[in-house]
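# Coordinate analysis (summary)
For reference, the chains in residue letters:
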Amino acid sequence: MLRKVLFASSEVFPLVKTGGLADVAGSLPRALCALRQDVRIILPAYPEVIDNMGPTRCMARLDMPQGKVRILMGDLPGSSVKVWLVDFPALFTRAGNPYMGPDGQPWSDNAARFDLFCRVIVEIAMRRTSLKWKPDIIHCNDWQTGLVPALLSLEEQAPPTVFTIHNMAYQGLFPHANFVELDLPDSLWSHDGLEFHGQLSFIKGGLVYADKITTVSPTYAKEIQTQEFGYGLEGLLQHRSASLSGIVNGIDTDVWNTETDPLILEPYSVRNVEYKQLNKKALQQSSALRKDDVALAGFIGRLVYQKGIDIILEAIDDIMQLPIQLIFLGSGEEDYQQALLRFAKKYPGRIAVTIGYNEAFAHRIEAGSDLFLMPSRFEPCGLNQMYSLHYGTLPVVRKVGGLADTVVNTDADTLANGEANGFVFSGDRPSDLVQTLGHALKYYNEDLVWKKLQITAMWRDFSWDHSAREYIQLYDQLH
Ligand code: ADP
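Just so it is clear, the structure is predicted and the values come from calculations on it, not from any experiment.

Each assigned domain of the protein chain is listed here: domain 1 (4-250 + 464-476) and domain 2 (273-459). The distance between the C-alpha centroids of domain 1 and domain 2 comes to 34 Å. Each partner contributes to the interface: domain 1 provides 15 residues, whereas domain 2 provides 14 residues. Roughly 1,000 Å² of surface becomes buried between domain 1 and domain 2 when both sides are summed, with 62% attributable to carbon and sulfur atoms. Applying the counting rule to domain 1 against domain 2 returns zero salt bridges. Inspection of the domain 1/domain 2 interface yields four residue pairs in polar contact (both at pLDDT 80 or more). Among the elements that line the side of domain 1 that touches domain 2, the one with the most residues is helix α8 (residues 218-223), at four residues. For the side of domain 1 that touches domain 2, the class distribution of residues is seven nonpolar, six polar and two charged.

Shown next, in the form of structure tokens:
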């Protein structure tokens, strides 16, 4: 069934990106369009977005209490998906990223900025603009769009809403004074509404009022209903559990494709996984690692507590007792960066560390490594473990969130039933990681078993097509 979906997100790759939300917002609408859904993306017209967008034209002008807003339309670069930009220079034309200034401080008027964004979406949803295209469903993402379901709950005959949580850690909390200044309806101010311990919570707008709530993996959907991962909203999420589900993100299989990746030395596939070795040799050579025939384990990511980098750092000396090499690419907290660099010095030829962000190098690490370390403390979905599986690089992960949903631990049973594709552990002690690596290395020494694991990993379907079909099934329940 052809359905009109307005997809609201404050960031969309390749227009503007600060995190994984942008990747989803750039990929899922395309995949939905390919499945004959009529999707429009809406986001604020940040300067970076205008620069990256190509030609746009003004489709409508709205008289909002804050002033005149223009809706500009253009194409998502590299696709025919239409994008609507909410153009209101006083709030959106600024240096810095969507949420903070060049000094790294959040904009002091973020509540007003995303309130306007939400109210414009509500006007479009309620067909109170001159735009011809009228949405059947509003798909909101993260706190920046949280007021949309809340405000629509007060309207007659509003279209249904889906609210997707990409990370519960970001909630859009503001002082009560903002609620008053923004002239939000009094009926929304309650414990059962937008109030969260005396503050205005944008995310609650989505969690309380959306018809369906999703998050980016089934395990994370369960975890956020617990105290450990719920940030105080676990009770509300338990209450909404019948409307809450998890759908794992896809990956861009045009960009991450072992057969066509221009960033890697030697293409390979399930038919000739052994060519991966050539990528490993090249990676060892270019990173000053010894050309030993030991397992090479990679790490790519933000060097922050969430990613369990502290677990790795504490375990490194013990890991170095094993026949293994480590290669790191990442940036983040200074202490973690310095600690990694110290270990690279301590174990020359066995540990290589690159601090920084480097897309091309990330591809070469994925192609050249045997194992991929991702012992995250929490992980709503995670992309790197999926890139790794797709590249036949077996992930070593903690059993949380999307990692638990995509990586199947290798043991006699999972090997026999053909599901094993990596190594999973539950604890958060360095020794848990060391033990799991030791367990993985046993299999590394059995060529045939290892190859079977790699092929199982590479076979799994991580396409957006797969995920988009699940979203369509969800949309079906709303009509
Ligand atoms: P998160 O969104 O929490 O950072 P994900 O695993 O979901 O973690 O996604 C991280 C994305 O950023 C992946 O595409 C990963 O390859 C990329 N990435 C992270 N750090 C780096 C880096 N230093 N260099 C290149 N790519 C990186």
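Taken together, the side chains of Leu265, Tyr275 and Leu278 make up a nonpolar region of the molecular surface, amounting to roughly 300 Å² of accessible area. Tracing the backbone through its elements, the reader meets Leu278 in helix α11 (residues 276-286). On the accessibility criterion, Leu278 (42% relative accessible area) is partly exposed.

Our next topic: the pattern of salt bridges. In the structure shown here, the tally under the stated rule is 19 salt bridges. Two residues, Asp310 and Arg377, come together in a salt bridge whose shortest N-O distance is 2.3 Å. With Asp310 in helix α12 (residues 309-319) and Arg377 in the loop between β16 (371-374) and α15 (384-390), this residue pair connects regions lying 67 residues apart in the sequence. Given a relative accessible area of 14%, Arg377 falls into the buried group. Among the charged side chains, a salt-bridge network with shared partners connects Glu123, Arg128 and Glu155.

What counts and what doesn't
- Residues numbered from 1 in each chain as written.
- Predicted model: local features only at pLDDT ≥ 70, side-chain atom pairs only at ≥ 80, totals over all residues.
- Heavy atoms only, no water.
- Domains from an automatic or database assignment.
- Contact = heavy atoms within 4.5 Å.
- Buried area = accessible area lost by both parts, 1.4 Å probe.
- Salt bridge = Lys/Arg side-chain N within 4 Å of Asp/Glu carboxyl O.
- Polar contact = N/O pair within 3.5 Å; in protein donor to acceptor, adjacent residues only side chain to side chain.
- Helix = DSSP H or I, 4+ residues; strand = E, 2+ residues; numbered from the N terminus.
- Nonpolar A, V, L, I, M, F, W, Y, C, P; charged D, E, K, R; others polar.
- Patch = residues over 30% accessible without salt bridge, like charges linked within 9 Å, V, L, I, M, F, W, Y side chains within 5 Å.
- Areas by Shrake-Rupley, 256 points an atom, 1.4 Å probe, with all protein chains shown as cover.
- Buried < 20%, exposed > 50% of the residue type's maximum accessible area, 1.4 Å probe, protein only.

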